[in-house]
Amino acid sequence: MLATTSFHGGPYTHFTHPTATRHHKPYFRLTKPHSTPSICTFLSPRRLTANRFTIRALNRDSDDVTGSEKEAKPFFPNLHTVKIPVGDRFITVETGQIGRQASGSVVVRDGETIVYTTVCMSDVPSEPSDFFPMSVHYQERFSAAGRTSGGFFKREGRTKDHEVLICRLIDRPLRPTMLKGFYHETQILSWVLSYDGLHSPDSLAVTAAGIAVALSEVPNTTTVAGVRIGLIGDKFVVNPTTMEMEDSKLDLLLAGSETGILMIEGYCDFLPEEKLLEAIEIGQDAVRAICKEVDNLVKICGKPKMLDSIKLPPPELYKHVEEIAGDELVDVLQIKNKVPRRKALSLLEEKVLSILTEEGYVSKSESCAGAEITPDMLEDEDEEEEVVVDGEYDEGDVQIKPVFKKPTPTFYSEVDVKLVFKSVSSKYLRNRIVKGGKRSDGRTSEEIRVIDAECGLLPRAHGSALFTRGETQALAVVTLGDKQMAQRIDNLVGVEDVKRFYLQYSFPPSCVGEAGRIGAPSRREIGHGTLAERALEPILPSEDDFPYTIRVESTITESNGSSSMASVCGGCLALQDAGVPLKSSIAGIAMGMVLDTEEFGGDGTPLILSDITGSEDASGDMDFKVAGNDDGVTAFQMDIKVGGITLSTMKQALLQAKEGRKRILAEMLKCSPPPSKKLSKYAPLILVMKVKPEKVNLIIGSGGKKVKSIIEETGVESIDTQDNGTVKITARDLASLEKTKVIISNLTMVPVVGDVYRNCKITSVVPYGVFVEIVPGREGLCHVSELSSDWLSKPDDAFKVGDIVDVKLIEINEKGQLRLSRKALLPDQGTAGGSKDSGTPQKSTDKSKARQSANTPKGDGDKTSEGTFTKRYVGSRKNEPKTSSNKSDAVASGDGGSALINGEAQVG
């Protein structure tokens, strides 16, 4: 495998420098008699011989690779390796061997997980814009885990959702560190080349991308690194393994620099804010240690930055835009509604563009200066007056009259004007918030927008809610289904991963009053949907308590900031409306920030804004989304647009967000109409049964024939069986559910020798006897010798298919096959019961029932999961078989109980 100490250089025991520079012999010409390293060395585990060449494979199991062995690589003179302590182990960073033509490339290893990352940029700058032209692509190759794709196409295809999420984790902390004015298109590519199943590649990919950018020519302000923090027991662990994360109460991924935090994203189970801040502090210390080691590596092998390529708008243009539009900007930014304010800003921008790009602009300071008369001109005129006498004119002199010099209009490019206009608009908005104490919609910094909520507005949906907060609105719809509706995920480890709960977020262009393209979900939609999904997940009941697959669709119908948090609030209400027994209610809120308040007359303390709008998000310095309830946090995500924030600022934002959540939860309780908190009549019914594990094959049948025949006969939607004996039946109506439950109970019953079955139908006649269906789906053989007390040569002499007979179970062989007897019930045999044509004696039936109850294993009564809200049982209960003229007098029930999940949901 690639993840070996030989491939990445030998281990570094106690060394003084964090980096190791490899010195090589001069390059030599390859001739046949010599033995030389080859790329095959990294691929072959054996010694290969070809064309007089002998190539020795590297010892991949040895950790004792000496420096002299590493020096024998003349092809890679710029190879550098550094080992960085992270948590309780080291990560290895290597550059200069793979991807040497890229602007920056690194191979980062944690255990046997290896991530390869490159940074490249275009030679020619693109058109200037306010958005840095950077794209990130991350791919987990199946070969990294020694497998291939399970689909028809064996090559990796489109980016999977979890790969998109990691792309966003890489992009978000790097973008605020890029210098403004650099317009060369930059591309970051990251591949997982090896995966050991223990060390997660996502945090490693963030660190690898930060190192690659630091080594490249792309101008940036600081080095970026990322770590994961888990909470196992009461101990915080840096970069825990996947096995440790199974017991973790926290999943926090933090990225930052030496000076501050740039991005956090995580999920937890109602973790208090104090614990979360403690985890962030530990993560920040780990990131700071990584960045220091990387900076040392950059000093050795980093490339010079392309600072000459930075092009910024002319500095005087900012002053010109303020002179033209400053007074009008103050009025426009006071418009409360988003659409009218956007249109007014657009008209004002067109006016500024027209003046600065078409008409030309003269600064007020220049126009006020007026015309200037030079001293030379005055002297010439005075001399002229002295020479002219009595009208005579000297042709050798030139008479010059004083002329006013007009200022020359200045023209600017359209791109520069647009960039500056946006910057000036943001400056005026920030000034209004800090100095004026009011935001665009008139709120204070801690005030929440007006909230309205409505449930049950879609009659055919299983659950629905419309949540409106100011000009942000989300329509949440819940659909309940069986296991077949679960989302399947193909991952590196090859284990089938199934999600029984998922939230899908969509952001159509109409929600912001625009026309745009509709297609596959964007990266932003995938990221926002996952955030809302993980926020709601901790309040869901277990699968034992609520066996449904749950799908939530959140469609943003209006957007003016914090639409993902509106999806959390609307999704919570829709789940309650669908009858899902939630553990509690949760809400989400988005926080903003103005970092440098001293510039606008403040005291310099960062100003935190609650429930930010779209303009405050665009013009502010932070977007911090927090979801949870009064007890703690379930999900959070923070993006920074400045060089980083401190822990004290984050503490202030978290505490202010907690107060905001409390207010939103109080408003959600006023929802009108309120959630129904019970299953919809259009939702499917799911019956959970428990049978002995060895009986599951009887339900499935050979090649699934039996379970398919049951579905066709009863009309249920699906029958799902598990190896532990759990059977889930999904149906649209109660009748088909009852019928299926009876059939499965009969199939999995435990027959007892001596049981009597009356009014049973003969299903087939064979030369050696007849097959009798004692209960639906269960047959036994009645041999010809057991059909009658008289001698019969052939069974079809006295019986035919469809005849009704009474039989007694007399034997069960080692294969589980049943042997029946009709003769044992005839009067001349002296057994309990009547003649063939007689009725069913009640006394015999009662004895059969008692015998069946006595032979049923103990502890197999009706079973329902604790906390399940059972409306009614379907079919006959255990030890209480139903009797009718068309069924046997004694019907043994299934080994376990059953519960119909259909009733009122309770919300804690």
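Structure's up top.
Below or above, wherever it landed, is the structure these notes cover. (Residues numbered from 1 in each chain as written. Predicted model: local features only at pLDDT ≥ 70, side-chain atom pairs only at ≥ 80, totals over all residues. Heavy atoms only, no water.)

Before going further, it helps to spend a moment on the overall build of the protein chain. Within the protein chain one finds 18 helices and 33 strands. Taking all 908 residues of the protein chain together, 49% fall into the buried category. A sequence separation of at least 24 residues applies to 71% of the contacts in the protein chain between residues at least 6 apart. For the protein chain, the accessible area works out to roughly 43,500 Å², and carbon and sulfur atoms hold 51% of it. (Helix = DSSP H or I, 4+ residues; strand = E, 2+ residues; numbered from the N terminus. Buried < 20%, exposed > 50% of the residue type's maximum accessible area, 1.4 Å probe, protein only. Contact = heavy atoms within 4.5 Å. Areas by Shrake-Rupley, 256 points an atom, 1.4 Å probe, with all protein chains shown as cover.)

Before going further, it helps to examine the nonpolar core. Grouped together as the largest cluster of nonpolar side chains are 133 residues, with contacts concentrated most on L250, I264, I550, M622, F624 and M650. Ranked by the residues each element gives to this core, the list is headed by helix α5 (residues 273-301), at 10 residues. Ignoring sequence-local partners within four residues, the contact set of M650 consists of I261, I264, L277, I280, F624, M638 and I645. Residues C782, V784, L787 and L818 belong to the second largest nonpolar core, which totals 18 residues. (Core = buried A, V, L, I, M, F, W, Y, C linked by side-chain atoms within 4.5 Å.)

This brings us to the packing of aromatic side chains. Applying the stated rule across the entire model yields four aromatic pairs. Judged by centre distance (5.4 Å) and plane angle (20°), the ring pair of Y116 and W191 falls under stacked. Separated by 75 residues along the polypeptide, Y116 in strand β7 (residues 113-121) and W191 in strand β9 (residues 186-194) bring together distant segments of the chain. Ring geometry for Y505 versus F507: centroids 6.5 Å apart, planes at 20°, classification stacked. Overall, the relative accessible area of 5% leaves Y505 in the buried class. Sitting above the plane of the F507 ring, R524 keeps its charged end 4.3 Å from the centroid. Sitting over the ring of Y267, R534 keeps its end group 3.9 Å from the ring centre. (Phe/Tyr/Trp six-rings, centres within 6.5 Å; stacked < 30°, edge-to-face > 60°. Lys NZ or Arg CZ within 6 Å of the ring centre and 35° of its normal.)

Spanning 15 residues, helix α3 (residues 201-215) covers 21 Å between terminal C-alpha atoms, matching the ideal 21 Å at 1.5 Å per step. The buried fraction of α3 is high, at 15 of 15 residues. (Expected span 1.5 Å × (residues − 1).)

A few words on the environment of R758. Residue position: R758 is located in strand β28 (residues 756-766). Separated by 17 residues in the primary sequence, R758 and V775 place their C-alpha atoms 9.8 Å from one another. At 3.2 Å, the side chain of R758 forms a polar contact with the side chain of D806. (Polar contact = N/O pair within 3.5 Å; in protein donor to acceptor, adjacent residues only side chain to side chain.)

A grouping of D596, E598, E599 and D603 is seen on the molecular surface, where their side chains present a negatively charged patch. Within the secondary structure layout, E598 lies in the loop between β21 (587-594) and β22 (607-610). When its relative accessible area of 58% is taken as the criterion, E598 is described as exposed. (Patch = residues over 30% accessible without salt bridge, like charges linked within 9 Å, V, L, I, M, F, W, Y side chains within 5 Å. Salt bridge = Lys/Arg side-chain N within 4 Å of Asp/Glu carboxyl O. Lys, Arg positive; Asp, Glu negative; His and termini not counted. Charge placed at Lys NZ, Arg CZ, Asp CG, Glu CD.)

A few words now on the sheet that holds strand β20 (residues 549-558). With respect to topology, five strands assemble into an open sheet ordered β14-β15-β16-β20-β19, the strand pairing being mixed. Because the sheet does not close on itself, it has two edges, and the strands there are β14 (451-455) and β19 (501-506). Mean inter-strand twist for the sheet, computed between neighbouring axes without regard to direction, equals 15°. Across five bridges, β14 lies against strand β15 (residues 463-469) in antiparallel orientation. In the sheet register, I451 faces β15, and the bridge partner there is R469. Along the sheet, helix α12 (residues 563-577) makes contact with β14, β15, β16 (472-481), β19 and β20, crossing β15 at roughly 145°. (Pairing = 2+ DSSP bridges. Axes fitted to C-alpha atoms, helices over the stretch in contact; angles between N-to-C directions.)

Here the structure, examined in full by the defined rule, presents 33 salt bridges. A salt bridge links E414 to K418, with the shortest nitrogen-to-oxygen separation between them at 3.3 Å. On the criterion of helical spacing, the pair formed by E414 and K418 is a turn pair, its members being four residues apart in helix α10 (residues 414-436). When its relative accessible area of 45% is taken as the criterion, E414 is described as partly exposed. Residue R430 pairs with D621 through a salt bridge whose shortest N-O separation is 3.0 Å. On the criterion of sequence distance, the pair formed by R430 in helix α10 and D621 in the loop between α13 (614-619) and β23 (622-628) is long-range, its members being 191 residues apart. Judged by relative accessible area, R430 falls into the buried class, the value being 12%.

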